[in-house]
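Fold and contact review
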Amino acid sequence: MKSYRKELWFEIPARRGFINITPEVRSCLAESGIQEGLVLVNAMHITASVFINDESGLHHDFDKWLEKLAPHEPTSGYRHNDSGEDNADAHLKRSVMGREVVVAVTKGKLDFGPWEQIFYGEFDGRRRKRVLVKIIGE
Amino acid sequence: MKSYRKELWFEIPARRGFINITPEVRSCLAESGIQEGLVLVNAMHITASVFINDESGLHHDFDKWLEKLAPHEPTSGYRHNDSGEDNADAHLKRSVMGREVVVAVTKGKLDFGPWEQIFYGEFDGRRRKRVLVKIIGE
Amino acid sequence: MKSYRKELWFEIPARRGFINITPEVRSCLAESGIQEGLVLVNAMHITASVFINDESGLHHDFDKWLEKLAPHEPTSGYRHNDSGEDNADAHLKRSVMGREVVVAVTKGKLDFGPWEQIFYGEFDGRRRKRVLVKIIGE
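A few points on the structure. Please read these numbers as outputs of a predicted model, since none were measured by experiment.

Parameters and conventions
Along every chain, residues carry numbers that run from 1 in the direction the sequence is written. Key to labels: chains lettered from A, ligands numbered from 1, both in the order written. Local features are withheld for residues below a pLDDT of 70 in this predicted model, meaning they are given only at 70 or higher, and side-chain atom pairs are given and counted only at 80 or more; totals for whole chains, interfaces and linings count all residues. Excluding hydrogens and water, the side-chain figures rest on all heavy atoms present in the structure. The atoms used to superpose the copies are C-alpha atoms, taken from residues with pLDDT of at least 70 in both, and the fit is least squares. Note on contacts: a residue pair is in contact if any heavy atoms of the two residues lie within 4.5 Å. Secondary structure is summarised from DSSP: a helix means a run of H or I of at least four residues, a strand means a run of E of at least two, and numbering begins at the N terminus for each. What qualifies as a polar contact is a pair of N or O atoms within 3.5 Å, subject to a donor-acceptor requirement within protein and to the restriction that residues adjacent in sequence count only when both atoms come from side chains. Between 30 and 60 degrees the pair is tilted, below 30 it is stacked and above 60 it is edge-to-face, where a pair is any two Phe, Tyr or Trp rings, Trp via its six-membered ring, whose centres lie within 6.5 Å. Only protein chains enter the accessibility calculation, which uses a 1.4 Å probe; a residue is then buried when its area is under 20% of its type maximum, exposed when over 50%, and partly exposed in between. Criterion for a salt bridge: a side-chain nitrogen of Lys or Arg within 4 Å of a carboxyl oxygen of Asp or Glu. Three classes are used: nonpolar for Ala, Val, Leu, Ile, Met, Phe, Trp, Tyr, Cys and Pro, charged for Asp, Glu, Lys and Arg, and polar for all others, with Gly counted as polar.

1. Considerations on the relation of the copies chain A and chain C
Each copy of the chain is related to the other by a rotation around an axis and a translation along that axis. With an RMSD of 0.0 Å, the fit of chain A onto chain C corresponds to turning through 120 degrees and sliding 0.0 Å along the axis. Here the two chains are linked by the operation of a three-fold rotation axis. Considering only C-alpha atoms, the residue of chain A closest to the rotation axis is V96 of chain A, which sits at 3.4 Å.

Shown next as structure tokens:
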């Protein structure tokens, strides 16, 4: 069994934002040389997500929807924020979107359906944060 | 390390619906001959889910609840739909229910608790769509 | 490839509650002797979750928020409860928080970001329930 590990770093200039990280994950897979196995891609921070979906208006829709489900304001509405934090909503939003994805590797490629793309979702940005890519297989 | 891959195809006759796909995943596992490892089961489409739960009234409850959290109508309420689509809500519903499950394989069986069953959740049906089963182990 | 399996048992004295199970998962990993691979940690019951987040007020916030998204009362509002159950909301809450986490194993350690911790989330407690830890790698 082979294994491969890499950290990807991102800094989103706003509190919230989404980036397509599929090209970076593809590069990791190529670098690993693994042909058959599984890729785990996870946010290493608990106010961010890694998820599979698409763009074309959806990022606007996700943002508006997550704000409705778990609004940032009033920040005093969350006990977590009593300690001086203002990011409780980010922990909740990330719970909806998920921490990680596991993707099959087949013949050296990400084994994806027609529209699948991997995104990093930031809910408490304006600082450097990490995503872990771990690949096992052979 | 051994690996196994199969696509399962489904066509749900309505916009939304749920099917128990545990028997199909069990057949894949038997066919793979893998005794110890992990099974990944994921929707290959981004308007569908694979999740683990149960039936007995729950599918009705899930459907009603997801419609409350991310209603189909008005379709004009989603920017994704500006391009002529009407399935933005399906992308959101699938985010709640999840894209994939990872299940342990122990002694050649799906290592499940008493009520665990795998379901395909469709949120934009009436066309043929796929689920990927990938198994690694030995 | 090596594999390891253990069941962890918990009994939460209330209907709902959260416990940090990171120490137990770390012990499993040490016991397995696996240096590189993946750990799957999943609830074996469909009214409970395993997720990665943090504490410090968040458990109160999660509980209040999940009650808003999928309230326990009125129990008659769910078809699942027609059969005499009262835990339909627990199935929905667990869908938001997730069934499982997959964590990378690197150099014999859980490969975590600075604040990542694994929690068991109970939504229908007052009875003994199980979490499965499965580790594969070498």
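What follows picks up the thread again.
2. Things to note about the relation of the copies chain A and chain B
When chain A is fitted to chain B, the best match, at an RMSD of 0.0 Å, comes from turning it 120 degrees and sliding it 0.0 Å along the axis. Little of the interface of chain A is mirrored in chain B, where only 19% of its interface residues are also at the interface.

3. What about the environment of T22 of chain A?
All names here are of chain A. As for its position among the elements, T22 is in helix α1 (residues 22-32). For T22 and I118, which are 96 residues apart along the polypeptide, the C-alpha to C-alpha distance reads 5.0 Å. Excluding residues within four positions of it along the chain, T22 makes contact with L110, F112, Q117 and I118. A polar atom in the side chain of T22 sits 3.2 Å from the side chain of Q117. Engagement of the side chain of T22 in a polar contact is seen with the backbone nitrogen of I118, the distance being 2.9 Å.

4. Here's the deal with the packing of aromatic side chains
Considering all chains together, one arrives at 18 aromatic pairs over all chains under this definition. Relative to F123 of chain A, the ring of F18 of chain A lies with its centre 6.2 Å away and its plane at 80 degrees, an arrangement referred to as edge-to-face. Separated by 105 residues along the polypeptide, F18 of chain A in strand β2 (residues 17-20) and F123 of chain A in the loop between β7 (117-122) and β8 (128-137) bring together distant segments of the chain. Grouping residues by exposure puts F18 of chain A and F123 of chain A together as buried. Look at F18 of chain B and F51 of chain B: their rings are 5.8 Å apart centre to centre, the planes differ by 90 degrees, and that puts the pair in the edge-to-face class. Here the residue F18 of chain B occupies a position in strand β2 (residues 17-20), and F51 of chain B occupies one in strand β4 (residues 48-53), the gap between them amounting to 33 residues. Taken individually, F18 of chain B and F51 of chain B each receive the classification buried, so the pair is uniform in this respect. Counting every residue linked through ring pairs, the aromatic cluster contains F18, F51, F62, F119 and F123 of chain A.

5. With respect to the interface of chain A and chain B
With 36 residues of chain A at the interface, the matching set in chain B holds 30 residues. A salt bridge links R5 of chain B to D111 of chain A; the shortest N-O distance between them is 2.5 Å. Counting every contact that joins chain A to chain B gives 16 residue pairs in polar contact (both at pLDDT 80 or more). Elements with a minimum of two residues in the side of chain A that touches chain B: β3 (37-43), β4 (48-53), α2 (58-69), α3 (88-97), β5 (100-106) and β8 of chain A. Considering each element in turn, the side of chain A that touches chain B owes the most residues, eight residues, to α2 of chain A. Classifying every residue of the side of chain A that touches chain B by side-chain character gives 18 nonpolar, eight polar and ten charged.

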